[in-house]
Amino acid sequence: MSPSRNNPGQTERARKLFELTYEETNQCIQCGYCLPACPTYQSMGRESASPRGRIALVKMAAEGKLDITRDLAEPIDLCLGCRACETACPVGVPYGHILEETKQVLHESVARDPLNPQQPQHKGRERLKKAVLRHLFPYPKRLRIVGRMVYLYQKSGADRLATGVLPKISEPAARFAAALPRLESPSRRYNPGDVLPPVGPKKARVAFFNGCLMDAVMYRINRLTIELLRAVGCEVVIPETQTCCGALHAHQGMKEAAEQLARANIGAFERSESDFYINNAGGCGAMLIEYDQLLGKDPAWRERARDFVSKSRDISQVLDQFGPLPFKKEWNGTITYQDSCHLRHVQKVTEEPRRLLQSVPGATFVEMADSDRCCGSGGIYNLLHYDESMKILDDKMEKAADTCAETIVTTNPGCLLQMKLGVARKGMSQTRVLHLVEVLAEACGLT
Ligand code: SF4
Ligand code: SF4
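Description of the structure in this document. (Residues numbered from 1 in each chain as written. Chains lettered and ligands numbered in written order. Predicted model: local features only at pLDDT ≥ 70, side-chain atom pairs only at ≥ 80, totals over all residues. Heavy atoms only, no water.)

Time to look at the overall build of the protein chain. The helix and strand tally for the protein chain stands at 25 helices and nine strands. Relative to the 2.2 N^0.38 estimate, which gives 22 Å for 447 residues, the radius of gyration of the protein chain is 22 Å and therefore close to what a compact globule would have. Each of the three principal axes of the protein chain carries a C-alpha extent, and together these read 70 × 50 × 45 Å. Taken over 447 residues, the protein chain has a buried fraction of 56%. (Helix = DSSP H or I, 4+ residues; strand = E, 2+ residues; numbered from the N terminus. Rg over C-alpha atoms; globule rule 2.2 N^0.38 Å. Buried < 20%, exposed > 50% of the residue type's maximum accessible area, 1.4 Å probe, protein only.)

Counting through the fold element by element, Thr411 comes out in the loop between β8 (407-410) and α24 (413-426). Accessibility expressed as a relative area gives 2% for Thr411, which makes it buried. Thr411 has contacts with Asn280, Ala281, Gly282, Tyr337, Ser340, Leu343, His435 and Leu436, leaving out every residue within four places of it along the chain. (Contact = heavy atoms within 4.5 Å.)

All right, on to the sheet that holds strand β1 (residues 195-196) then. Strand order in this open sheet of five strands is β1-β3-β2-β4-β5, and the pairing throughout is mixed. This sheet does not close on itself; its edge strands, each paired only once, are β1 and β5 (312-314). Bridge count between strand β4 (residues 276-279) and β5: three bridges; the pairing is parallel. Within β5, the position partnered with Tyr277 by the bridge is Ser312. (Pairing = 2+ DSSP bridges.)

We now examine the pairing of strand β6 (residues 333-337). Among the five residues in β6, five count as buried, and that is most of the element. Pairing of β6 with strand β7 (residues 363-366), which is carried by four bridges, proceeds in the parallel orientation. By the bridge assignment, Thr336 is partnered in β7 with Val366. Where β6 meets β8, three bridges bridge the pair, whose relative direction is parallel. In the strand pairing of β8, Thr336 is matched with Ile408.

A few words now on the site of ligand 1. Around ligand 1 sit Cys38, Pro39, Thr40, Pro51, Arg54, Cys79, Leu80, Gly81, Cys82, Arg83, Cys85 and Tyr95, and that is every residue in its neighbourhood. Of all the cavities here, the one that holds ligand 1 is the second largest cavity. Contributing elements (two or more residues each) for the shell around ligand 1: α2 (39-44) and α3 (51-62). (Near = heavy atom within 4 Å. 1 Å grid on protein atoms, 1.4 Å probe; cavity = no way out; pocket = protein on both sides within 12 Å on 5 of 7 lines; lining within 4 Å. Sits in = over half its atoms within 2 Å of the grid points.)

Going through the model one piece at a time under the given rule, you end up with seven aromatic pairs. Plain terms: the ring middles of Phe209 and Phe269 are 6.2 Å apart, the flat faces sit at 40° to each other, and that makes the pair tilted. Placement of the pair is Phe209 in the loop between β2 (204-208) and α12 (213-217) and Phe269 in helix α15 (residues 255-271), with a sequence separation of 60 residues. When the ring of Tyr277 is compared with that of Phe308, the centres are 5.1 Å apart and the planes differ by 45°; the resulting orientation is tilted. Here the residue Tyr277 occupies a position in strand β4, and Phe308 occupies one in helix α18 (residues 302-311), the gap between them amounting to 31 residues. The residues Tyr277 and Phe308 share a single accessibility class, namely buried. Sitting above the plane of the Tyr219 ring, Arg189 keeps its charged end 4.3 Å from the centroid. Above the ring of Trp301, the side-chain terminus of Arg304 is found at 4.1 Å from the ring centroid. (Phe/Tyr/Trp six-rings, centres within 6.5 Å; stacked < 30°, edge-to-face > 60°. Lys NZ or Arg CZ within 6 Å of the ring centre and 35° of its normal.)

See the structure below:
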């Protein structure tokens, strides 16, 4: 590997990488404690697929010793962003920040560098990805139209007809389309601007974060989340003008777009005048609680972002705090739990979901080996790197099968779809994959 010394763009980008994250790369003492925790290192078995290796490559690129686009893009692209390495690291290397700053520089390189050798082969995919992130995800109304189309597609039976056709177009897309839950009528969902009263005395006023994928195709889970919040005494507001959290944008290096979305959400939630801001998706929640870092250099927004973060909660934290839940039914069977990486490694929420599941009457809770290890979903990693993702998933499903649980529970839409796909791949046709709130709502007779 050698730097492109004749390319001034490379030098400029190395300088930018140096400014953004070089100091952080120097915190790594190369001890390797993070290697056993890293799913990509475990499945690919090479140093460049490990946190230590990636940090070393970023450092060398910042020093101008490597070509950023040629030598750094693939190892960074193959990182799941699960951040298990941060939990494992004894000296607190901020890997997530190093990763996102590097992605930002890479994003600019791919967009601007006419000499980028990766550009021709990835141009179409990159354009499509960025177009979807720019023109679909920030617009909840457009996403709702997509959700309605999926509902009609399923209701008409066209999805069954398409099962033979879709795999010929895209195998991964076909698999994920098959894993999508059956959508309930969109007329049942709550809408931005709604204010829902608590059942019984009011304990708090909370604002609910709809999310993008959750609002488009998993709105039943959002409805059940709101019902559970009301059941434990919360008045629930759904802030108007809220939008996508920006996680997908930040993970793809589109930092400015992520910042714009963060500002829109902070404003929307401030206007709700609520005690807490609740989300039910581990990946979104991780982004929301890092708005203070994202906007930390913006004096006009720094304080407002800190206040937003201080009020943000995962649904499991609030139900655990305001419970007990009004259970009405006995659960029949064994439940196991797969951590959402971003709920565990970024939000550091591990005990509350387990405590809630253990409180379900009649349920037997079994811990899964390596439940803290990523399932291979990684936002849209499973669409972009299908084969690598499936290797990690198949290993996960071995552990899930060992629990003999009839129900696998998780707390993030991406993990939910991935685990559903895993169940299908493993032939575990009797096993249900549910979001935490689906189990709790079912046991409370709210479905
Ligand atoms: S974020 Fe996950 S996949 Fe990426 S280096 Fe860290 S542990 Fe490995
Ligand atoms: S555990 Fe931390 S310090 Fe050790 S190699 Fe990994 S990132 Fe570097």
